[in-house]
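Below, each chain spelled out in residue letters.
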Amino acid sequence: MTLKFGVIGTGAIGREHIKRITNNLSGGKIVAVTDVNQESAKSAVEEYGLDAVIYPDDKTLVADANVDAVLVTSWGPAHEQSVLAAIEAGKYVFCEKPLSTTAEGCMRIVEAEMKHGKRLVQVGFMRRYDSGYVQLKEAIDSNYIGEPLMIRCVHRNPEVGDNYTTDMAINDTLIHEIDVLHWLINDDYKSVQVAFPKKTQRAAAHLQDPQLITLETNSGIIITAEVFVNCKYGYDIQCEVIGEDGVAYLPEFSGIATRKAAQFGTSILMDWKQRFIDAYDKELQDFMDSIKNTGEPNGPTSWDGYIAAVTADACVKSQQTGEKEPVALAEKPAFYKNEKEAVK
Ligand code: NAI
Ligand code: NAD
Ligand code: ISE
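Residues numbered from 1 in each chain as written. Chains lettered and ligands numbered in written order. Predicted model: local features only at pLDDT ≥ 70, side-chain atom pairs only at ≥ 80, totals over all residues. Heavy atoms only, no water.

Draft legend 1. Quick peek at the overall build of the protein chain. Summing up its helical and strand segments, the protein chain has eleven helices and 15 strands in all. Taken over the C-alpha trace, the protein chain has a radius of gyration of 20 Å; the compact-globule value for 344 residues is 20 Å, and the two agree within 12%. Across its three principal axes, the protein chain shows a C-alpha extent of roughly 55 × 55 × 40 Å. Within the protein chain, the fraction of its 344 residues that count as buried is 56%. For the protein chain, the proportion of contacts with a sequence separation of at least 24, taken over those separated by at least 6, is 72%. (Helix = DSSP H or I, 4+ residues; strand = E, 2+ residues; numbered from the N terminus. Rg over C-alpha atoms; globule rule 2.2 N^0.38 Å. Buried < 20%, exposed > 50% of the residue type's maximum accessible area, 1.4 Å probe, protein only. Contact = heavy atoms within 4.5 Å.)

As structure tokens, then:
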């Protein structure tokens, strides 16, 4: 069975996903595309030689009977409308993060999916598929480092465009840590607090960068996460879990090491597209395989999208108040309780 995709949003990651489904993965085909910028949709079809219909908007794309699954890669504020339209039409959805930019929006998606009666949606939290994070989870689940007590994370980008705003450090960037960490430690967040250290001269006038976020979990684990999106030197993701009996580190990206001119060194990536390239492949292959084998996607759920949005909203509130803000989650519906672990 070939899963036929309609793509909404042919920007940076839309094209990356089109490329991997078309050239690298098995079981999927792009049959329709749309973008608010129609020129972008046309050029994507040309660039990848797709046999795909170009639609004027998400609604007409979703209505195409030839489309089995919708890939939502538009910008965050547009996601909710497209996901709801797809669920309404009974289509599978792979939606890039954030599922919606508000917790209320995620809840509307959760409710629509439950009303439909089976899982249709997977959120693009690809780090759960990264072999480094999977190894960290194994070290924690097997009790190798004992009970986790603290976690220290770093999420640095070399630079961002002028349209990147202070809240995006949370909704667009930290959101990956928000998702992967609660999965890693099987715990939920209790409170968050955001601090603004001295501002880098490289940040736009309107952007607070870097930011330091503290998240506390129900069991008392304290996480400190730094977001620094104008660090200049590279795309750098770090995670260190400090346990009762030892410490576990997320593996560094492994490039070749060199010895030259009295220096020993290795390279650091500049582009986010490369850092989790295997994880992007795995998440989409799993989406296609699970639908084929079980009739439902197996990866991060709409409920995970909701948890991330509630936590992100609390962080954005703390950006404004400077205070510790509670993370108030609704009770997890039974519909999502028996889900299999997204990734073992
Ligand atoms: P982008 O700006 O390069 O592309 C977005 C595209 O969506 C643009 O072509 C835009 O014209 C189109 N678009 C926006 N609203 C639309 C709508 N309502 N209908 C149709 N098309 C629409 O953005 P990028 O970097 O590709 O990001 C897209 C999404 O992917 C975002 O949600 C972002 O958070 C997520 N993303 C996820 C990453 C990950 O590591 N999982 C990495 C980069 C982005
Ligand atoms: P982008 O700006 O390059 O592309 C977005 C595209 O969506 C643009 O082409 C834009 O014209 C189009 N678009 C916007 N609104 C639309 C709408 N209503 N209907 C149709 N098309 C619309 O952005 P991007 O970097 O590709 O990011 C897209 C999404 O992917 C974002 O949600 C982002 O958070 C997510 N993302 C995820 C990762 C990741 O690591 N998982 C990485 C990058 C981006
Ligand atoms: C982008 O949208 C991503 O998802 C990347 O993974 C992240 O590192 C970057 O900061 C975001 O803007």
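Still to come is the rest of the account.
Draft legend 2. Examining unusual backbone geometry more closely. Here the residue pair Lys97 and Pro98 is connected by a cis peptide bond, since its omega of -10° sits within 30 degrees of zero. Here the residue pair Asp209 and Pro210 is connected by a cis peptide bond, since its omega of 5° sits within 30 degrees of zero. Mapped onto the elements, Pro210 comes out in the loop between strand 8 (189-195) and strand 9 (211-217). With a phi angle near 75°, Lys232 is a residue other than glycine that sits in the positive phi range. Of note, Lys232 is situated in the loop between strand 10 (222-228) and strand 11 (236-243). Although it is not a glycine, Ala262 sits at a positive phi angle of roughly 65°. With respect to the helices and strands, Ala262 occurs in the loop between strand 13 (257-260) and strand 14 (263-266).

Draft legend 3. Broad picture of the site of ligand 2. Lining the immediate surroundings of ligand 2 are 23 residues, of which Ala12, Ile13, Asp35, Lys97 and Tyr280 lie closest. Expressed as a share of its isolated accessible area of 830 Å², the protein-covered part of ligand 2 is 78%. Elements that contribute at least two residues to the shell around ligand 2 include exactly helix 1 (12-24) and helix 7 (168-185). Grouping the constituent residues of the shell around ligand 2 by class yields nine nonpolar, ten polar and four charged. (Near = heavy atom within 4 Å. Areas by Shrake-Rupley, 256 points an atom, 1.4 Å probe, with all protein chains shown as cover. Nonpolar A, V, L, I, M, F, W, Y, C, P; charged D, E, K, R; others polar.)

Draft legend 4. Representation of the state of the cysteines within the structure. Using the criterion set out here, one finds zero disulfides in the structure. Not part of a disulfide, Cys231 finds its nearest cysteine sulfur in Cys153, a span of 16 Å. Taking relative accessible area as the criterion, Cys231 reaches 6% and is therefore assigned buried. With no disulfide partner, Cys315 has as its closest neighbouring cysteine sulfur the one in Cys153, 12 Å distant. (Disulfide = S-S within 2.5 Å.)

Draft legend 5. The confidence of the model for the protein chain, seen in detail. When the pLDDT values of the protein chain are averaged, the result is 96; 98% of them are 70 or greater. Contacts from residues 340-344, a stretch scored under 50 in pLDDT, to residues over four places away or in other chains number 17 contacts. Note on the complex model: pTM 0.91, ipTM 0.81. (pLDDT = per-residue confidence, 0-100.)

Draft legend 6. Focus on the pattern of salt bridges. Applying the stated criterion across every chain, the model contains 19 salt bridges. With a closest N to O distance of 2.5 Å, Arg156 and Glu226 form a salt bridge. One end of the pair, Arg156, is in strand 7 (residues 148-156); the other, Glu226, is in strand 10, with 70 residues separating them in the sequence. By relative accessible area, which is 19% here, Glu226 ends up buried. Where Lys273 meets Asp271, a salt bridge forms, and the shortest distance between an N and an O atom there is 3.7 Å. On the basis of relative accessible area, Asp271 is assigned to the partly exposed category, the value being 29%. Each of Arg128, Asp179 and Asp304 takes part in a single network of salt bridges with overlapping partners. (Salt bridge = Lys/Arg side-chain N within 4 Å of Asp/Glu carboxyl O.)

Draft legend 7. Here's a closer look at the packing of aromatic side chains. Under the defined criterion, the tally for this structure stands at six aromatic pairs. Aromatic side chains Phe5 and Phe287 sit 6.1 Å apart centroid to centroid with 35° between the ring planes, which places their arrangement in the tilted category. Linking Phe5 in strand 1 (residues 3-8) with Phe287 in helix 9 (residues 277-294), this pair joins segments that are 282 residues apart in sequence. This pair shows no difference in class: Phe5 is buried, exactly as Phe287 is. (Phe/Tyr/Trp six-rings, centres within 6.5 Å; stacked < 30°, edge-to-face > 60°.)

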